[in-house]
Amino acid sequence: MKPLTEQEIRAAFVNCTKGEAKRLSVPRELAETPWDDLDHLGWRDPQAPDRAYLVTELDGRPRAVRLRAGGPAFGQTRRSMCSICLTTHTGGVSLMVAPRAGKAGQQGNSVGIYMCSDLCCSLYVRGKKDAGLGARLHESLTLEEKIERTVVNLAAFIAKVTA
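Okay, so let's go over this structure.

**Brief notes about the side chain of Arg126**
With respect to the secondary-structure elements, Arg126 resides in the loop between α4 (121–125) and α5 (143–162). The contacts of Arg126, once residues within four sequence positions are left out, are Asp36, Asp37, Leu38, Asp39, Leu143 and Ile147.

This is the structure in structure tokens:
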């Protein structure tokens, strides 16, 4: 993913108003972000942990979505799988719900997906972050194929938000 500025990130939101995009919390350490290891940048709002944001590049342009994130159930011991990167976690997968873009979103329609709670799918796929024993199932796919699958899964989710 190519490095993005705060202004580029704010302008990329497809499912909130310009005013909402202007007020949302953007990570402060953008210069230190490992952009080469990312297919998307995801973060939780430090002032409101139930709010999350995700930005990726689609068709050569940044696209960002606002998400409402649920926390893991208290005492959850079941393993769950992220629908984006296919990493399994114990308590580390949350239902992320995005308001649909445009009129559908204004009417309250939304789209949900189970994702890594910390939104670090790119790092899990590349082995840069460890989700624990058994988190990554053995596959015969190459790293490039796993990355491509992650990108396709994320693009499909954003397509549902913007449809």
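**Section: the environment of Ala52**
The residue Ala52 is located in strand β2 (residues 48–58) in this model. Of the residues examined, Ala52 reaches a relative accessible area of 0% and is grouped as buried. Among residues more than four places away in sequence, those in contact with Ala52 are Trp43, Arg44, Val65, Arg66, Leu67, Ala69, Met96 and Leu119.

**Topic: the packing of aromatic side chains**
Enumeration according to the criterion identifies 2 aromatic pairs in this entry. Consider the rings of Phe13 and Tyr53, whose centres lie 5.9 Å apart with planes at 90°: the pair is edge-to-face. Of this pair, Phe13 sits in the loop between α1 (6–11) and α2 (18–23) while Tyr53 sits in strand β2, placing them 40 residues apart in sequence. Take Phe13: its relative accessible area is 9%, and that puts it in the buried class. You can call Tyr53 buried: its relative accessible area is 2%. Aromatic pair Trp43 and Tyr53: ring centres 5.4 Å apart, planes at 35°, arrangement tilted. Taken together, the residues Trp43 in strand β1 (residues 40–45) and Tyr53 in strand β2 connect sequence positions 10 residues apart. Neither Trp43 nor Tyr53 differs from the other in exposure class; each is buried.

**Some words on the sheet that holds strand β3 (residues 61–69)**
Read from one edge of the open sheet, 5 strands run β1-β2-β3-β6-β7, paired in antiparallel fashion. Two strands in the sheet have a free side with no partner beyond their single neighbour: β1 and β7 (110–116). Sheet twist, expressed as the average angle between the axes of neighbouring strands with direction ignored, equals 30°. Pairing of β3 with strand β6 (residues 93–99) involves 2 bridges; the strand directions are antiparallel. Of the residues in β6, the one forming a bridge with Ala69 is Met96. With respect to the sheet, α5 is in contact with β1, β2, β3, β6 and β7, its orientation differing from that of β2 by roughly 105°.

Analysis parameters
Residues numbered from 1 in each chain as written. Predicted model: local features only at pLDDT ≥ 70, side-chain atom pairs only at ≥ 80, totals over all residues. Heavy atoms only, no water. Helix = DSSP H or I, 4+ residues; strand = E, 2+ residues; numbered from the N terminus. Contact = heavy atoms within 4.5 Å. Buried < 20%, exposed > 50% of the residue type's maximum accessible area, 1.4 Å probe, protein only. Phe/Tyr/Trp six-rings, centres within 6.5 Å; stacked < 30°, edge-to-face > 60°. Pairing = 2+ DSSP bridges. Axes fitted to C-alpha atoms, helices over the stretch in contact; angles between N-to-C directions.

Functional significance is not addressed by these values, which are geometric in nature.
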